[in-house]
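Each chain, letter by letter, is given below.
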Amino acid sequence: MTTILIYNPEINAIERYEREESQPMPYSEGNNLLVNEFRGSSNSTVLWSDRRAIEAFNVTRTNWGRPIYVGFAFKRIWEGGHGCQSQHYAGVSFDVAQNLTSAERAQLRNLAESLGVWGYVEPEYLTPTWVHFDRRTGTPACAAGYPTLRFGSRGVYVLVLQDALNALGYTGSGLDGVFGAGTQNAVMRFQRDRGISADGIVGCMTWTELACDARGAGQTATVVNP
Ligand SMILES: [Zn+2]
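Residues numbered from 1 in each chain as written. Predicted model: local features only at pLDDT ≥ 70, side-chain atom pairs only at ≥ 80, totals over all residues.

Caption draft 1: Representation of the sheet that holds strand β6 (residues 120-121) in the model. Strands sit in the order β4-β5-β7-β6 across an open sheet of 4 strands; the sheet is antiparallel. If you trace the sheet from one side to the other, it starts and ends with β4 (70-72) and β6, each paired once. Relative to strand β5 (residues 93-96), β4 runs antiparallel, the two being bridged by 2 bridges. The partner of Phe 72 across the bridge, within β5, is Asp 95. (Pairing = 2+ DSSP bridges. Helix = DSSP H or I, 4+ residues; strand = E, 2+ residues; numbered from the N terminus.)

Caption draft 2: View of helix α2 (residues 51-64). Over its 14 residues, α2 runs 20 Å from end to end, which matches the ideal 20 Å to within 8%, given 1.5 Å per residue. Looking at the packing, one finds that the buried side of α2 touches β3 (46-50), β5 and α3 (102-115). (Expected span 1.5 Å × (residues − 1). Contact = placed C-beta atoms within 7 Å.)

Caption draft 3: Expanded view of the pairing of strand β7 (residues 131-134). Residues of β7 alternate between two faces, with Val 131 and Phe 133 on one and His 132 and Asp 134 on the opposite face, all of them buried. In terms of strand pairing, β6 meets β7 through 2 bridges, oriented antiparallel. The residue bridging Tyr 120 from the neighbouring strand is Asp 134, located in β7. (Buried ≥ 20, exposed ≤ 12 C-beta atoms within 10 Å, placed from the backbone.)

Caption draft 4: Representation of the nonpolar core in the model. Ile 77, Val 156, Tyr 157, Val 160, Leu 161, Ala 164 and Ala 214 are the most contacted members of the largest nonpolar core, which has 59 residues in total. Ranked by residue count, the leading element in this core is helix α4 (residues 156-167), at 9 residues. Residues contacting Leu 161, with those up to four places away along its chain left out, are Leu 149, Thr 183 and Val 202. (Core = buried A, V, L, I, M, F, W, Y, C linked by C-beta atoms within 7 Å.)

Encoded structure:
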């Protein structure tokens, strides 16, 4: 059984599910997206996503009219494999269609763009052998990447934040997607250690330092696996 955390924006809360690897992801229609497809190469005992990302996949699958092969989706930030502030660590990204011809991939990429359900569809010159689309949300704290987080924030980016803090030994924040007092304290300790103004707000500078250090750090003793 795998624990799956889904941020549901309709109630501004993290929902918790227990699923087998061969079962569909929560909010997935039919067998469009199974847990093991979403997991990809991640070894984590917990996976997370945003309801909007799963629903964007549903719409894309329905309009495509046949199964969409998913090569990679979720990774935890300490597993690495992507950029410092990758949407894959937030569980809202899909790298798909590795099994198609380049002409078919172009069709799927065009479809994904035209549907308007994704926050970003990567252009062909960046990922010529697969299609990357993601349902990112919020305004990036830097020119790109994760949004600013503060006390009271909720969602998949708070999960990335907590995961990164835990991986670097700034424990006490748990892994629940809710930016509470424990998360704020951990952020302020990290900021003090890095000489960043300890305001407890995760903006561009804090995200840059934290995400790049936690990326690919490996599973440490302080990583939380609920
Ligand atoms: Zn990708």
